[in-house]
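Per-entry structural report
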Amino acid sequence: MTDRLSSASPTVVRLTEYTKTEQIEILGDSADPFGVADAGLTWLPKEDHFGVRQEGRLVAHAGLLRLPVLIGGVGTQVVGVGGVAVAPDLRGQGLARSVVSAALEHARTMGPQHGLLFCRPPLVSLYERLGWRTLEQDVQVDQPDGPVIMPLRTMWTPLRDGASWPAGAVRLLSFPM
C-alpha cells in the first residue's frame, strides 16, 4: 500500500544537487524516463533544483536554468523549466503543481520576464492548468549539428506582472533544458 499525501500542500525544498540517483528515486531506472528519447535531442542540465520529499523519499522535482533566446531577432533571456518529474505512484495529488509553483517563485527572482518549457503533447493540459500558455509557433533550438525545430510543444508563462510573449520567430541560443 502506498502512503498518500494529505490534502495539505506538500513541502517543497531547494535541492543542493539533482543527480541520476535522485531521478531514479522519483521515476525508476528507465532508459527514457521522460518519454522524449525519440526526439533525439541533446538537453542541458538544470542549475536550480526543487523537490518534494515524502517520508525521506524524493517524489517530485523541477529544475531551472536561465537561457539566451532570440525573439523577433531581439536577444533576451528566459528561465527554462525542465526535468519536471513526479513519482508514478503519486501522480494526481498536486505534486507537480507544488514543485513547479515553487520553482517559478524562485524564477521570478532571476530577472527574465518569461518562463519557457518543452513538453510532450499529453502534458499540455497539465501545464495549462498551472497557468502556462502554448506557443503556437515553431521554436528553433541548438543541437550538436546546428539548430533544429523543437519537436515537442513549447509553453511559456509570465514571470512579471503584465509580461506578454513578444511577436516574432523564436530561437533558443542553446540546447534545450
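The sections below set out a description of the structure shown in this document. (Residues numbered from 1 in each chain as written. Predicted model: local features only at pLDDT ≥ 70, side-chain atom pairs only at ≥ 80, totals over all residues. Heavy atoms only, no water.)

Let's shift gears to the pattern of salt bridges. Enumeration over the complete set of coordinates arrives at four salt bridges. With a closest N to O distance of 3.2 Å, Arg-57 and Asp-89 form a salt bridge. Here the residue Arg-57 occupies a position in strand 3 (residues 57-71), and Asp-89 occupies one in the loop between strand 4 (74-86) and helix 2 (95-107), the gap between them amounting to 32 residues. A relative accessible area of 28% places Arg-57 in the partly exposed class. Given a relative accessible area of 29%, Asp-89 falls into the partly exposed group. Salt-bridge contacts for Glu-136 lead to Arg-153; the nearest nitrogen and oxygen are separated by 3.6 Å. One end of the pair, Glu-136, is in the loop between strand 6 (133-134) and strand 7 (139-141); the other, Arg-153, is in strand 9 (residues 153-158), and 17 residues separate them in sequence. Owing to a relative accessible area of 66%, Glu-136 belongs among the exposed residues under this scheme. For Arg-153, a relative accessible area of 29% corresponds to the partly exposed category. (Salt bridge = Lys/Arg side-chain N within 4 Å of Asp/Glu carboxyl O. Helix = DSSP H or I, 4+ residues; strand = E, 2+ residues; numbered from the N terminus. Buried < 20%, exposed > 50% of the residue type's maximum accessible area, 1.4 Å probe, protein only.)

This paragraph deals with the packing of aromatic side chains. One pass over the full model with this rule turns up two aromatic pairs. The interplanar angle of 80° and the centroid separation of 6.3 Å between the aromatic rings of Tyr-127 and Trp-132 together place this pair among those described as edge-to-face. With a centroid separation of 5.7 Å and an interplanar angle of 45°, the aromatic rings of Trp-156 and Trp-165 are classed as tilted. Grouping residues by exposure puts Trp-156 and Trp-165 together as buried. (Phe/Tyr/Trp six-rings, centres within 6.5 Å; stacked < 30°, edge-to-face > 60°.)

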